[in-house]
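Structural characterization, general
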Amino acid sequence: MVSVSGQWVISYNGEIYNSGELRSELQSRGTRFRGHSDTEVVLEACAAWGVQRTVERLIGMFAFAVWDRTDRSLFLVRDRIGIKPLYYSANTRHFFFASELTGLRAHPEFTFSVDRDAVEAFLALDYIPAPFCIYREARKLEPGAILRVDNAFPGRIRHTPYWTLQEAARKGHADRYTGTFEDATEELDCLLADAVGRRMVADVPLGAFFSGGIDSSTVVALMQQQASRPVQTFSIGFSEGAFDEAPYAKAIAEHLGTDHCEHYIDPKEIQKHGPAVMGHHDEPFADPSRLPTLLLSRLARTRVTVALSGDGGDEVFGGYDRHVSADRLLKHPALGYSPLAKALFSKSIRMTPRRLRPRVWRIPGMDSDSRGDYSGKELGILADGIHDPALIHHYLTHGGRKAAGTGLTANMVNRCLEQSEFLSAAERQQYVDMSGYLPDNILTKVDRASMAVSLEVRVPILDHRVVEFSYRLPPAMKAGSLGTKRILRKVLGRRVPERLFERPKQGFGGPLDSWLKGPLREWAADLLNNETVSKHGLMKPGAARSASLRLRHGKFRRRDFRVLALAAWCETHR
């Protein structure tokens, strides 16, 4: 789209939720609008206020490129949290950009050299952290950034952050909320209600993903409160009870009065869609929930075009066990032991089987109040990180995998810890998750799955105003000894009885073991045995063969799934 003045040209992907207010302000300044889209609002705002001032005022999810015909300068912009993707590549003669890597791959001068460090990061994290990419020549634009490149020097790139998580955390920490828990709950309630209400404005059918957990239930409850008719809600169920949340979602849907639709996944669906989904992403991606996310998106798309989701609640309000673990472990009395006592403590833990580790508390100096509070896994992490407490965050981030050396994974976590040194242990772990896991795993998974079926997914909990408010909250209002997501539970409890949502956390995933022993077994065996990965030298020789042997004997491990995902990507994209 070209601006009224003819100076500015925009290519845009996303949704702006305060475009009405911005349009009115621009009109009061004399700006003429030819249509009613938020694309035109962003374009004319850039023409009137400049790119930086415009994006600082936007509420929404977006990735866009703006070309200034007068200065012959290109600006790339990505939303604050990283909901929408944006890739780019540059050399001395060309600058490429696209929402997908396939857009870059289409250019004859783009090179396909794989970044081995990125592969190493993937094998540790399940995803490749921004700004890095599977290709050495490409990069992801980081959230909250403006990139500028001038036509005369396409290889000279300037990055300017217009919003950073670090600044949001620092401001929140400096302006801690001093009111009561009830006051904070009321303020968060109002913020979330506004965020949800803005995202319910649509001229197409609208619904919501609904797992029955705290996050999606809060979003749906706030939607139903503001809707004039029953909200359409969608859930996926599994025959394996350990993974099935559908009954919880159904119970809350009945309480709220939504128009609820649930679908139980059939093994034939897994067999039909699984292989295609595994190779669908532009980069290697090993989150097993990518398949149920696609099937949930397909289900919703049969009835609606836009769906709200509860993504982000765990990262923003401390919903993972590792957030509580970080707080507990970094307060462990063993961290204050003498070097000799630390060495003895560490060795005694390492020599004890995990199931017996919680019994190892009778060590000189151990605070008796901490007896039995730590799981065997937690004590193992403590034993590894007792001499360097920062490593505790590394181990929690990678599910126990060490992040040593100078790899991308270690650098990412270390950078996050440096940026958040003023926060509590639990908040620092949340900061690590919000910096990498959220945009590069959770949001990537949802964006690719929903876009594959032409469904737009909106995430109200990740409204930047909600995120900024969360950093003002004292840590105990989020995650700590009293539990996880305390304040979000309180908001939900105003609308849904606690008995319907108070239960152990059950992440959105799927019975991966059952799928690999059943509908995906033949495909996985063929893929691992054809040595696709080994042929390209992307991992140690024999890794695929070892994974194949474990698959054959029913001992397939979680990390083997990363090998399988890498093999699937190689077969599709190499």
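Residues numbered from 1 in each chain as written. Predicted model: local features only at pLDDT ≥ 70, side-chain atom pairs only at ≥ 80, totals over all residues. Heavy atoms only, no water.

1. With respect to the sheet that holds strand S5 (residues 95-98)
The antiparallel open sheet is built from three strands, whose spatial order is S5-S4-S6. Looking at the sheet topology across the chains shown, the edges are occupied by S5 and strand S6 (138-140). Between one strand and the next, the sheet's axes are offset by a mean angle of 25°, whatever the strand orientation. (Pairing = 2+ DSSP bridges. Helix = DSSP H or I, 4+ residues; strand = E, 2+ residues; numbered from the N terminus. Axes fitted to C-alpha atoms, helices over the stretch in contact; angles between N-to-C directions.)

2. Looking at unusual backbone geometry
Pro131 follows Ala130 through a cis peptide bond whose omega is 10°. Mapped onto the elements, Pro131 comes out in the loop between helix H5 (116-125) and S6. In this structure, Ser454 takes a positive phi of about 60° despite not being glycine. Within the element layout of this structure, Ser454 appears in the loop between helix H18 (425-452) and strand S13 (456-458).

3. Some details on the environment of Leu308
Topologically, Leu308 is positioned in strand S12 (residues 306-308). Note: C-alpha distance between Leu308 and Val196 (112 residues apart in sequence) is 8.3 Å. Those residues in contact with Leu308 that sit more than four places away from it in its chain are Val196, Arg199, Met200, Leu206, Gly207, Ala208, Phe209, Val219, Met223, Arg458 and Pro460. (Contact = heavy atoms within 4.5 Å.)

4. What about the pairing of strand S10 (residues 232-237)?
Of all six residues that make up S10, six are buried, and the element is covered over most of its length. The alternating pattern of S10 places Gln232, Phe234 and Ile236 and Thr233, Ser235 and Gly237 on opposite faces, both of which are buried. Regarding topology, helix H8 (residues 214-226) serves as the crossover connection from strand S9 (residues 206-209) to the parallel S10, and that connection is right-handed. (Buried < 20%, exposed > 50% of the residue type's maximum accessible area, 1.4 Å probe, protein only. Right-handed = clockwise from strand over helix to strand, strands pointing away.)

5. Here's the deal with the nonpolar core
Of all hydrophobic cores here, the largest spans 91 residues; its most connected members are Phe64, Leu188, Met223, Phe317 and Val467. Of all the elements, helix H7 (residues 181-199) adds the most residues to this core, at seven residues. Formed by 62 residues, the second largest nonpolar core is a distinct cluster that contains Ile270, Val277, Leu512 and Ala544. (Core = buried A, V, L, I, M, F, W, Y, C linked by side-chain atoms within 4.5 Å.)

6. Thoughts on the sheet that holds strand S1 (residues 8-16)
If you walk across this open sheet you meet the five strands as S1-S2-S3-S7-S8, and the pairing is antiparallel. Unpaired on one side and paired on the other, S1 and strand S8 (157-161) mark the two borders of the sheet. Within this sheet the neighbouring strands show an average axis-to-axis angle of 10°, counted without direction.

7. Brief notes about the pairing of S5
Across four bridges, strand S4 (residues 87-90) lies against S5 in antiparallel orientation. What sits directly across from Ala90, in S5, is Phe95. Between the antiparallel neighbours S4 and S5 lie four residues.

8. Side note on the side chain of Ser346
The residue Ser346 is located in helix H14 (residues 339-350) in this model. Classification of Ser346 by relative accessible area gives buried; the value is 6%.

9. Points about the pattern of salt bridges
Under the defined criterion, the tally for this structure stands at 37 salt bridges. With a closest N to O distance of 2.5 Å, Arg93 and Glu109 form a salt bridge. Residue Arg93 is located in the loop between S4 and S5, and its partner Glu109 is located in the loop between helix H4 (101-105) and H5; the two are separated by 16 residues in the primary sequence. When the shortest N-O distance is used, the salt bridge between Arg494 and Glu186 registers 2.8 Å. With Arg494 in the loop between helix H20 (486-493) and helix H21 (512-517) and Glu186 in helix H7, this pair connects stretches of sequence that are 308 residues apart. For Arg494, a relative accessible area of 39% gives the class partly exposed. We classify Glu186 as partly exposed; its relative accessible area is 39%. Via salt bridges that share partners, Glu21, Asp194, Arg198, Arg199, Asp463 and Arg465 belong to a single interconnected network. (Salt bridge = Lys/Arg side-chain N within 4 Å of Asp/Glu carboxyl O.)

10. Here we look at the packing of aromatic side chains
The geometry of two aromatic rings is summed up by the distance between their centres and the angle between their planes. Counted by the stated rule, this structure contains 13 aromatic pairs. Note on Tyr88 and Phe95: the rings are 5.9 Å apart at their centroids and 15° apart in plane angle, and the pair reads as stacked. Phe95 shares its class with Tyr88; the two are buried. Seen from their ring centres, Phe110 and Phe112 are 5.6 Å apart, and the 90° between their planes marks the pair as edge-to-face. Its guanidinium or amino end placed over the ring of Trp49, Arg57 lies 4.4 Å from that ring's centre, counting from NZ or CZ. Of note, Arg322 hangs over the ring of Tyr437, and the distance from its end group to the ring centre comes to 5.3 Å. (Phe/Tyr/Trp six-rings, centres within 6.5 Å; stacked < 30°, edge-to-face > 60°. Lys NZ or Arg CZ within 6 Å of the ring centre and 35° of its normal.)

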